[in-house]
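Descriptive structure summary
Now for the letters of each chain:
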Amino acid sequence: MSCAAEEVRPPARRGIGRALMADPLGAAGFALVAVFLAMALLAPWIAPFDPVALDVKAKFQPPSAAHWAGTDHLGRDLLSRIVWGARLALGIATTSVGIAGALGLVLGLVAGYGPRWLDALLVLVFDSMSSLPMIFLALAVITVLGPGTATLILVIVLVSFPAYGRMIRTQTLALSGADFILAERAMGAGPARIIFRHLLPNVVGPLVILICMDIPVVIMLEAGLGYLNLGVRPPAPSWGNILSDGYTSLRQAPHVIVVAGIPLVLATLGFTFLGEGLRDVLDPRGAGRRRP
Amino acid sequence: MTAVLDLARVSVDLPAGGFFAPVRLPVVLDVSLGVARGQSVALVGESGSGKTTLARAVMGLQPVAAGRIAFEGAAVEGRAGFARLRRNAALMFQDATASLSPRLTVGDLVTEPFRIHGQPLPDPRRTARELLGMVGLPPAMASRYPHELSGGQARRVGVARALALKPRLVIADEPTAGLDVSVQAEVLNLMTDLRQAMGLAYLIITHNLALVRHVADRVAVLYLGRVVEEGPTGAVFAAPAHPYTASLIAAEPLPDPRRRRADLAIRGEVPSILRRPAGCEFHTRCPLARDICRRRAPDLAVTGPDRRARCHLAVTQPEQGERHAVEN
Amino acid sequence: MTAPLLSVEGLSVSYRVPEGGDVRAVRGVSLAVARGEVLGIMGESGSGKSTLAAAMINLLPPGARIEGGAVRLGGADMLRLPAAEQRRLRGRAVAMVFQDPMTAFNPVLTIGRQMADFAGAHDAARAARGALAAMLARVGIPDAERCLDRYPHELSGGMRQRVAIAAALLMQPEVLIADEPTTALDVTMEAQIIHLLRDLSREFDGAIVVVTHHLGVIAELCDRVAVMYAGEVVEEAPVDALFHDPRHPYTRALLACDPAVVDPASGRLPVIGGRVPDLAALPQGCAFAPRCPAAFAACRTPVPRRVPGPERSVLCHGVAP
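Cut-off values and rules
- Residues numbered from 1 in each chain as written.
- Chains lettered and ligands numbered in written order.
- Predicted model: local features only at pLDDT ≥ 70, side-chain atom pairs only at ≥ 80, totals over all residues.
- Axes fitted to C-alpha atoms, helices over the stretch in contact; angles between N-to-C directions.
- Helix = DSSP H or I, 4+ residues; strand = E, 2+ residues; numbered from the N terminus.
- Parallel < 35°, antiparallel > 145°, perpendicular 65-115°, else oblique.
- Left-handed = near helix turned anticlockwise from the far one by under 90°.
- Contact = placed C-beta atoms within 7 Å.
- Buried ≥ 20, exposed ≤ 12 C-beta atoms within 10 Å, placed from the backbone.
- Nonpolar A, V, L, I, M, F, W, Y, C, P; charged D, E, K, R; others polar.
- pLDDT = per-residue confidence, 0-100.
- Pairing = 2+ DSSP bridges.

**What about the packing of helix α6 (residues 116-131) of chain A against helix α8 (residues 149-176) of chain A?**
All names here are of chain A.
- Running from N to C, α6 and α8 cross one another at 135°; their axes reach a closest spacing of 9 Å. Taken as axis vectors, α6 and α8 run oblique relative to one another. Between α6 and α8 lies a crossing whose hand is left-handed. Every residue of α8 that contacts α6 at L122, F126, M129 and S130 is listed here: L158, P162, A163, G165 and R166.

**Re the environment of A8(B)**
All names here are of chain B.
- Along the chain, A8 falls in strand β1 (residues 3-16).
- For A8 and A70, which are 62 residues apart along the polypeptide, the C-alpha to C-alpha distance reads 8.1 Å.
- In this structure A8 touches S32, G67 and R68, once residues within four positions along its chain are discounted.

**Description of helix α3 (residues 106-116) of chain B**
- Across the 11 residues that make up α3(B), a large majority, eight, are buried.
- When α3(B) is considered as a whole, its buried residues turn out to be V106(B), G107(B), L109(B), V110(B), T111(B), E112(B), P113(B) and I116(B).
- Tucked into the core, α3(B) has its buried residues touching α10 (191-227) of chain A together with α4 (124-134) and α5 (151-163) of chain B.
- Positive phi appears at G118(B), one or two residues downstream of α3(B), with a value of about 60°.

**A short note on the interface of chain B and chain A**
- Opposite the 24 residues of chain B that make contact, chain A presents 21 residues.
- Counted by class, the side of chain B that touches chain A contains 11 nonpolar, seven polar and six charged residues.

**Here's the deal with the confidence of the model for chain B**
- Summary statistics for chain B give a mean pLDDT of 86 and a share of 93% for residues scoring 70 or more.
- The complex model carries a pTM of 0.82, and its ipTM stands at 0.83.

**What to know about unusual backbone geometry**
- Its identity is not glycine, yet E174(B) carries a phi of approximately 45°, on the positive side.
- Under the C-beta neighbour-count criterion, E174(B) is labelled buried, with 22 such atoms within 10 Å.
- With a phi angle near 50°, N58(C) is a residue other than glycine that sits in the positive phi range.
- Along the chain, the position of N58(C) falls in the loop between α1 (49-56) and β4 (64-73).

**So, the interface of chain C and chain B**
- On the side of chain B, 32 residues touch chain C, which itself brings 37 residues to the contact.
- Mapped by element, the contributors of at least two residues to the side of chain C that touches chain B are α7 (187-203), α8 (215-221), α9 (239-244) and α10 (249-256) of chain C.
- Here the residues of the side of chain C that touches chain B sort into 20 nonpolar, 10 polar and seven charged.

**A few points about the pairing of strand β10 (residues 226-232) of chain B**
Residue and element names in this part refer to chain B.
- With six of seven residues buried, β10 lies mostly within the body of the structure.
- Summarising the sheet, strand β9 (residues 218-223) and β10 pair through six bridges and their orientation is antiparallel. Pairing of R218 across the sheet is with P232, part of β10.
- Hairpin remark: β9 followed by β10, antiparallel, with two residues in the connecting loop; positive phi at L224, about 50°.
- As judged from the two bridges shared by β10 and strand β12 (residues 307-309), these two strands associate in the antiparallel manner.

Here you go:
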C-alpha cells in the first residue's frame, strides 16, 4: 500500500550484529558457531591430551574426571579428539566452501554481466556439474586421487560452486539492467569497475547466507566420507573417523558414538541458525526498489 | 557557434519478438536536434514517445541504428568517442534514488566520476564537501547511503554527481518526477543557477509542460519516436503549429479553477509502436484530420522563423498556428 | 449543506517506528463530504493524506494505530464496526481507486471475471456480463464487451485506471475515494481521467474524495479542498476561494511555487525554506511556524482553528477570526 511507503520514513539501518542478536535463534547460532570456532583455533591449548597418543591399557573408559568424554578403542582421549576434530572439520568446511564461494562469485558475476556467449558457456558448465550425482562424483574423485584432506576439499568445491555461480548469475542479471548500473555506464565506468565495485557488494549478501547454510552440509559430508573411510586418513581425529571408530565398538562402549555425534549435531544446528538469522537480517532490505 | 550536441537523423531500434522471429522495433525515428552551448532544450512526449530511449542512445547505453551523434563538432563513434562524451556530458536519471549505487556512501558516489576517468582527486572528502555544498546539501550527508535520502536529496546528489567533472552538457530525464511542488521549485532553481554559473547546456526530457515553459529555450515534441514540432519555447507555446502540441498544451491541468477545461483536448491513446498508423501517425487522434492525413505521411517542414512541424495543415495554411491556439 | 455522507471526526493515526517513538501521521483531522460533492485532499509527501484516505475505509497498513476519532459512514463508525460489517460497507458504501491500478488487479484473471467477483456474482451470467460491459462503456472504454475477456497487463495505464473506476462504481457506492488517480498517467490520459471523474460526479449520486499532490488536478476537479500539512488540515475552503484567496501561509507558499503559475520569464521560482517537520518530534505550536515567513511569538503556542468565512477554516494564529 502506498501510504506506508510514503509516510513512514525508512527505518535507519541497524547494525547487522545487533539485529542478529535480537533474534533468539540467530543469537544461539552465533554463540554455537563462536564456541566451535574457538575450539578450532585454540585446540592445542584446550585439548587436555594428545589426540593421537595411544594408551591401550586405558581403552573404552567411560567419561571420568581424567577423561571427560572417555576414551576410545585405542585409549585415545575423546574430548581431545573432538576438539582437534573441530579444527579439522571447520578447517575443511570453511576452506572448501570459501574456495567454492569465491569461484562461484567470480564466475556468476562474469556470466551475468559478461557477453552472451560466455554466459551460455558458464551456464553449461554449472548445469553439467550439478547434474552429476554428488556421491558418485565424490567416489570417482577419491578413487582417482586417493582419500585425503586435499581430495576432500576438491570434491566439496566441485560439488558446491555451480549452485553459488548460478545464484550469483541470476542476481547479477537482474541488477545489470538497474538504473544505477546504467548510470555508472553513462559516466564511463568499465566492466571491471561495474562488476567489482557496484555489482559485487549487492550480490554478496545472499551468497554469505547460502555459504553459512552449506557449512553444516559440508561437515556432514566430511563426517560421512570419514565414516566410510574415504575422508581424512586415520588416525587424524576427524569427527567422521571418531564416528566410524565408535560404530565398530558400539557394543563395548556406546559412549564413543554419542560423544562424537553431539558436536556434529550442535555444529550443524549452529551454522543453520546463523544462516537463517543472517537471512532474516539481510533480506528485508532486498531488491525492492521504489518506482516512480 | 558550434552545437554542444548535434543529432543528425538518429534512429534507435529495440529488439522485440520471439526467439524464432526476432524483429527490431523502431522506437526513435529520424530525429535531428541541436543543443547549443549554454542552451536548454526540452524534449517533450508522452510515455512511449521514445524520449528516454533517445537520451540513453546519446550516452551510448543503447546502440544507434542510423544517424550520427556529434559532440562539440566531432562525431561520437566507437569506444573513444563515447568515452570523450561521457567525460564531458552527464545523464541524470528519472528515478534519482535508483540511479545511485546502493552500497556506496554519498561521498563516494559524488566523487565516483573522478575515479572512473582517472582525474586527480587529492582530497576526496573536500571534493565531496564542495560538490554537496554546490547543490545545497550539508557536508554530513557524505556519510549517508542512498536509501537514507529523501527524493529531493537523492535528486541533489544526482545533480552533484553529474556536475563533478564540470560537464558542458547535462541530459536530465524527468528532473522533477516524483518530487513535491515545493521541492520541484528548489531543484529547478538549482538547475537554473548552475546553468548560469557554469555555462551548462541542458537537454531536458519531460512530459511536464510547466517545466518546459520554465526552463527551456527550445522545445522539440516527440510522437511515436518522431519529432512532430520544434521551435523556440515561447513561440511554440503561444501558437503551436502541430495539433498534437496544441492538444498537449490544452490537456495540462492548470492550477486555477476559473480556467477549467470545458471539453476534452485529446481523445484516445497513443497507438502502440507495433501498429503505427498509416499516413500521418497522429491522424487517429487528431481533431483536424483530413483525407490527405490518412494517406500520406507529412515531412518535417519549416513553418516559421526557426520553427518546424510535421503536419500537412501547418504548411498549407500559414496562419494555422493561430487557429490551433484558439482552440485551447 | 445537507447531512454529510462521510465524515471524519477528530481522527488521529500514528505509526510505531522501530527506533522507538511514534510518527503521528494524522492529527485531529475533521472533514465531511456531502452528496454530489468532490472533495480534494491536497498535500505533499509526508502530509498524511494517504494515511487519511486509507483510514476512511479503515484499510490502514500494518503498524498504523488509530489514536482517536471516528469515521462516520451513514451513521455507523467505520472504525468500530465488526470486521464483517466493515467488509460489507467497503464496496457498497465506500470504494477506493488507487494510484497504480495494476496492483489492484489479479494478473491471472480476466477483467470480466474480476469485475464479476467484485460484484459478488460469481457466475458471470449473460445479464451480469451485459451490466459489466455497460459499466465499462460508461467509463469510456471502447469495445467494452471485448475488454471483459482481456487480462490486466493487456491494457494501458489509462485503460486500467478506467477499469478500476468502473469496478469501484459497480456496487454503486455512496463515496468514491481516489488516491492519486492520475499520478501514474501521461498528460493526455490525466486530462481524460479528470474529465471522467468530473462527469461521474455530476451523474452519480454520491461523493468523490480525491487525494493528490497535484494542484492542477485539484483546480480542475474539486469543489472543496482540504490542505494538509504535517498530519493536520491547515486550510479548508471552496476551490475558488482556495486558489484565489488562500489564507494559510503554507497554502500561499505552495500556490506560489508551482511552476505552472509562475511567469516563465522570471528566472527563479519562489521556494518554501526549511523542511517538513519530523512527525515523531513535533513542535508545541504551529507545525509550519519554523518555515513560515509570517511567524510571530504566538505561533509557538497551540494553534486555534479560525473561521474567516462561510465554509472556510484555517489553522493559523495569524488569520483574523
